[in-house]
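Geometric and topological summary
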Amino acid sequence: MTQPAYKRVLLKLSGEALMGDDSYGINRATIERMVADVSEVVKMGVELAIVIGGGNIFRGVAPGAQGMDRATADYMGMLATVMNSLALADAMRQFGMTARVMSAISIEQVVEPYVRPKALQYLEEGKVVIFAAGTGNPFFTTDTAAALRGSEIGAEVVLKATKVDGVYSADPNKDASATRYASISFDEAISKHLQVMDATAFALCRDQKLPIRVFSIVKPGALSRIVMGDDEGTLVHV
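How each quantity is defined
- Throughout, residues of each chain are indexed from 1 in the direction in which the sequence is written.
- Given that the model is predicted, a residue must reach a pLDDT of at least 70 before its local features are reported, and side-chain atom pairs must reach 80 or more before they are shown or counted; all residues, however, enter totals for whole chains, interfaces and linings.
- The side-chain numbers reported here are obtained from all heavy atoms of the structure, hydrogens and water having been left aside.
- Residues enter a nonpolar core if they are buried and are Ala, Val, Leu, Ile, Met, Phe, Trp, Tyr or Cys, with the set joined through side-chain atoms within 4.5 Å.
- For every residue, the accessible area obtained with a 1.4 Å probe (protein chains only) is divided by the maximum for its type, and the residue is called buried under 20%, exposed over 50%, and partly exposed between those limits.
- Helix and strand assignments come from DSSP, with helices taken as H or I runs of at least 4 residues and strands as E runs of at least 2, each series counted from the N terminus.
- Pairs of residues are marked as contacts when any of their non-hydrogen atoms sit within 4.5 Å.
- Only strands that DSSP links by at least two bridges are regarded as paired with each other.
- Every angle, taken between N-to-C directions, lies between 0 and 180 degrees, and every axis is a line fitted to C-alpha atoms, over only the stretch in contact when it is a helix.
- By definition, turning the near helix anticlockwise from the far helix through less than a right angle yields a left-handed crossing, and turning it clockwise yields a right-handed one.
- Note on residue classes: Ala, Val, Leu, Ile, Met, Phe, Trp, Tyr, Cys and Pro are nonpolar, Asp, Glu, Lys and Arg are charged, and everything else, Gly too, is polar.
- Grid points spaced at 1 Å and placed over the protein atoms alone form the basis of the search, with a cavity being a set where a 1.4 Å probe fits but cannot get out and a pocket an open set showing protein on both sides within 12 Å along at least five of seven lines. Lining residues have an atom within 4 Å of a point.
- Grid points are joined across faces, edges and corners, and a volume is the space filled by probe spheres set on the points.
- Salt bridges are defined by distance alone: a side-chain nitrogen of Lys or Arg within 4 Å of a carboxyl oxygen of Asp or Glu.
- It is the directions from the helix axis to the C-beta atoms that the arc portrays.

What follows is about the nonpolar core. Within the largest apolar cluster, 42 residues are counted, with the highest numbers of intra-cluster contacts made by Leu11, Leu13, Ile50, Leu88, Met92, Ile130 and Phe215. Secondary structure elements with two or more residues in this core: strand 1 (8-13), helix 1 (28-43), strand 2 (47-52), helix 3 (70-94), strand 3 (99-103), strand 5 (128-132), strand 6 (157-162) and helix 8 (222-227). Non-local contacts of phenylalanine 215, meaning those with residues more than four positions away in its chain, are made with Leu11, Leu159, Lys160, Ala161, Thr162, Val164, Asp165, Gly166, Ala222, Leu223, Ile226 and Gly233.

Shown next, in the form of structure tokens:
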């Protein structure tokens, strides 16, 4: 078997990716399929960390959050990511993997706090580390958390899982002539106004020379192919 192209990666999952075809919440079949993909990567010996969003849970309470203070709403979103992280870790346990959830906000009765040396130790031991609660601060997205944690742990690439198989010249759902970029530089993506990640996350990855690969999480085997070095999705590079 050929060696993986990466030793350590940071996988960014949106909370919406866990919904499947449901309107909100966690779809069991969807999370099991994702965990099966993750399991294949872990078996290759790749050190894997995950940052997950909370949109699938927050969507269920969003109507009641209208007019709410932004910081309060963001803290609610952070708690939603903790719920997703616990569900993901439990699904991994059922697949025979060992996962550790580390939260940027203190909820020590539920999950352990994020401590960088401990996270690095877990990764070196072959455990999957799930970073919950974003950056621990309001006004910052989980995209920014992925860029931050990826930089902190020395990940070689941030894998941004979406429902679209890469970065396109236009929205492929609205423009039939939209073309997918196999690779694009950070500066090109900025000049073309392509929405790869939010601006803060994108700038951090560019400054740290941390490449981003955007791919479809619903495409079977895509995660394993990327880790093995296949040209899957779109690579955003310096």
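On we go from here.
Turning to the pairing of strand 10 (residues 212-216), a few remarks are in order. For strand 10, a buried count of five out of five residues is recorded, marking the element as mostly surrounded by other parts of the structure. The alternating pattern of strand 10 places Ile212, Val214 and Ser216 on one face and Arg213 and Phe215 on the opposite face, and all of these are buried. Pairing of strand 6 with strand 10, which is carried by five bridges, proceeds in the parallel orientation. Along strand 10, the bridge assignment pairs threonine 162 with serine 216.

Here we take up the packing of helix 1 against helix 3. The geometry of helix 1 relative to helix 3 is characterised by a closest axis approach of 9 Å and an angle of 65 degrees between their N-to-C directions. Where helix 1 crosses over helix 3, the handedness of that crossing is right-handed. Side by side, helix 1 and helix 3 meet where Arg28, Ile31, Val35 and Val38 of the first sit next to Ala87, Leu88, Ala91, Met92 and Gln94 of the second. When the residues that make up the contact of helix 1 with helix 3 are grouped by side-chain class, the tally is seven nonpolar, one polar and one charged.

What follows is about the layout of surface pockets. Of the voids in this model, the largest pocket is the one considered here, and its volume is about 410 Å³. Surrounding the largest pocket, 24 residues form its lining, Asp74, Gly77, Phe140, Thr141 and Thr142 being those nearest its centre. The set of elements that each furnish at least two residues to the lining of the largest pocket consists of helix 2 (55-65), helix 3 and helix 5 (142-152). Across the lining of the largest pocket, the residue classes tally to seven nonpolar, twelve polar and five charged. What lines the second largest pocket is a set of 14 residues, among which Gly166, Val167, Tyr168, Gln195 and Val196 lie closest to the centre. Its residues assigned to classes, the lining of the second largest pocket comprises eight nonpolar, four polar and two charged.

The buried fraction of strand 3 is high, at four of five residues. Examined bridge by bridge, strand 3 and strand 5 share five bridges and lie parallel to one another. Within the sheet, the bridge partner assigned to alanine 99 lies in strand 5 and is valine 128.

A few words now on the pattern of salt bridges. Oppositely charged side chains may form a pair once their charged atoms are brought near each other. Applying the stated criterion across every chain yields a total of 14 salt bridges. In this structure, the salt-bridge partner of aspartate 74 is arginine 70, at a minimum N-O distance of 2.9 Å. Residue aspartate 74 and its partner arginine 70 are both found in helix 3; the two are separated by four residues, about one turn of the helix. Looking at arginine 70, the relative accessible area reads 44%, which means it is partly exposed.

Attention now moves to helix 4 (residues 116-124). Among all positions of helix 4, only Ala119, Leu120, Tyr122 and Leu123 are buried. Viewed end-on, helix 4 has its buried residues packed into an arc of 160 degrees, placing them on one side of the element. For helix 4, exposure combined with an orientation more than 90 degrees from the buried face picks out Pro117 and Glu124. Taken together, the buried residues of helix 4 touch strand 1, strand 2, strand 3, strand 4 (112-113) and strand 5. At the exit of helix 4 stands glycine 126, carrying a positive phi of roughly 90 degrees.

With mixed pairing, nine strands are arranged side by side in an open sheet as 4-3-5-2-1-6-10-11-9. Looking along the sheet, the strands with just one partner apiece sit at the ends: strand 4 and strand 9 (183-185). As paired elements, strand 2 and strand 5 share three bridges and run parallel to each other. Looking at the pairing, valine 51 lines up with phenylalanine 131 of strand 5. Each of strand 1, strand 2, strand 3 and strand 5 is contacted by helix 3, which is oriented at about 165 degrees to strand 5, the strand it contacts most.

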